[in-house]
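Tertiary structure, described
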Amino acid sequence: MKISLTQKYNVPGPRYTSYPTVPYWNEADFTSEKWITTLKQSFSESNSKNGISLYIHLPFCESMCTFCGCNKRITKNHSVEEKYIQAVLKEWKMYCDLLPEKPVIKEIHLGGGTPTFFSKENLECLINGIFDYAVKAENHEFSFEGHPNNTTHEQLKKLYDLGFRRVSFGVQDYSPAVQKAINRIQPFHNVAKVTFWAKEIGYTSIGHDIIFGLPFQTIEDVVDTVEKTNSLKPDRLAFYSYAHVPWIKGNGQRGFNDENLPKDAEKRKLYEIGKKLLIQNGYHEIGMDHFALKGDSLYKAAHNGNLHRNFMGYSASKTQVMIGLGVSSISDSWYSFAQNTKSLEEYYEILESDKLPVVKGHILNDEDLIIRKHILNLTCELETSWTAESLNFAELPEVLIALKEIENDNLIIIENNKITITEEGRPFVRNICMAFDLHLKRKSPETNLFSMTV
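In this text the structure is predicted, and so the values were computed from the model without any measurement.

Cut-off values and rules
- Residues numbered from 1 in each chain as written.
- Predicted model: local features only at pLDDT ≥ 70, side-chain atom pairs only at ≥ 80, totals over all residues.
- Heavy atoms only, no water.
- Phe/Tyr/Trp six-rings, centres within 6.5 Å; stacked < 30°, edge-to-face > 60°.
- Helix = DSSP H or I, 4+ residues; strand = E, 2+ residues; numbered from the N terminus.
- Buried < 20%, exposed > 50% of the residue type's maximum accessible area, 1.4 Å probe, protein only.
- Lys NZ or Arg CZ within 6 Å of the ring centre and 35° of its normal.
- Pairing = 2+ DSSP bridges.
- Contact = heavy atoms within 4.5 Å.
- Axes fitted to C-alpha atoms, helices over the stretch in contact; angles between N-to-C directions.

Our next topic: the packing of aromatic side chains. According to the stated counting rule, one finds 21 aromatic pairs in the structure shown. Aromatic side chains W25 and F337 sit 5.6 Å apart centroid to centroid with 15 degrees between the ring planes, which places their arrangement in the stacked category. Of this pair, W25 sits in the loop between helix 1 (5–9) and helix 2 (32–50) while F337 sits in strand 15 (residues 336–340), and the two are 312 residues apart along the sequence. This pair shows no difference in class: W25 is buried, exactly as F337 is. One aromatic cluster in this structure is built from F60, Y84, F117, F118, Y347 and Y348. Note that K136 overlies the ring of F131, its terminal NZ or CZ placed 5.4 Å from the centroid.

Quick look at unusual backbone geometry now. The residue after Y19, namely P20, is reached through a cis peptide bond having omega -5 degrees. With respect to the helices, strands and loops of the structure, P20 is situated in the loop between helix 1 and helix 2. One non-glycine residue, N183, lies in the positive phi region at around 55 degrees. Here N183 shows up in the loop between helix 6 (176–181) and helix 7 (188–201). The phi dihedral of K233 falls on the positive side, at around 50 degrees, and the residue is not glycine. The topology assignment puts K233 in the loop between helix 8 (219–232) and strand 8 (236–241).

Time to look at the pairing of strand 6 (residues 164–172). With eight of its nine residues buried, strand 6 lies for the most part within the structure. Note that strand 6 and strand 7 (residues 205–212) share six bridges and pair parallel. Following the sheet pairing, R166 is matched in strand 7 by S205.

What follows covers the environment of M452. Relative to the helices and strands, M452 resides in the segment after helix 15 (438–442). Along the sequence, M452 and P12 sit 440 residues apart, while their C-alpha atoms lie 4.2 Å from each other. Setting aside chain neighbours within four positions, we find M452 in contact with N10, V11, P12 and R430.

The next thing to look at is the sheet that holds strand 17 (residues 383–385). In space, the three strands of this open sheet follow the order 17-19-18, with antiparallel pairing throughout. Of all strands in the sheet, those with a lone pairing partner are strand 17 and strand 18 (412–415), marking the two edges. Averaged over all adjacent pairs, the angle separating strand axes in this sheet is 10 degrees, with direction ignored. Pairing analysis gives three bridges linking strand 17 to strand 19 (residues 418–421), with the strands arranged antiparallel.

Here you go:
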């Protein structure tokens, strides 16, 4: 019996927010000193021209969402806010003391956890503290993630006054059965309220995050969620595949069983129906998993060839340096990656000893840098060419063999040393990237590392 493309390509694989992916970092050759050296080099090359990006991880949540694989700390005790803000600002000052000039911040993203766990006063303290040592780029783009249940009008107004113009609200799904399974009880009214507030205040890019493949989710649920989303008309959407990774330590993915999850063709149908409805309502598909209206900066970046992808996901700002602050944050100097400790207690302890809380990372070699560029091209532009690259694919038969099979399935077109992803191939971008992933090819994982690609 002939298997479908979905069945064939629905295998464990990375999401490619970086290359090499975190499980394949060469930690043995990494040191904090090497990380700082590459950071200084990249900062000198790019700060005055493009500025830098700043990701700040705010880990606290009042309750556990059982679909979530993020690093978080569950607590209702808001007295933890001030200590954490001061720790992040200390880490930031340590970075600024290492750099030859004030950072020009092009992009800030507050992620989590739940950034809106923090009071407007502490959020103001955080952002003002950042700019004690930095300046804003002229066309900066500041964004944050908001929980519809606890985002207040005052928080939205304060962050707007501090320069934020983009907010994304985690919606996931409106079905009561799905919400109960993932412990995310969130009425449509709450989402509508914060969306209208953000529009009223003047936010120019309002995003909603929705997920397909959740436990007990049906076609009717996806249709209902997308129709409700269309009624609010957010400027952009992330329509993510649920990443089921229950083996990760500290993961909240419980409260349902594997058999409660839609699989393979059933799961893919949820996406295709949702995608069709979104396109009918004026949304345009951007890269992987994202949609935007024509007026949004994400659409404009994709249309103009300026779309970028990093640990924060897709971005309309192309920066060479991204500094991650806070517990578990990942930084990127283009030439290397560095990740902070995932332990909140250790994060505080290391900072108290006046050291950066970096505990692992990877220094990219020449091959890594070339493959990284190809994967960025594929995920952002849906094409790549190696005519100007020093890496000769004729000497890498494992890549050529994998690409040939993908071409035979009509997912890509290969001609004149160029690969173009076809419309039929768009659902399988991650699989196409995997053909280039030499680390993955040379050492297949022996244990569960990645979620399924489809």
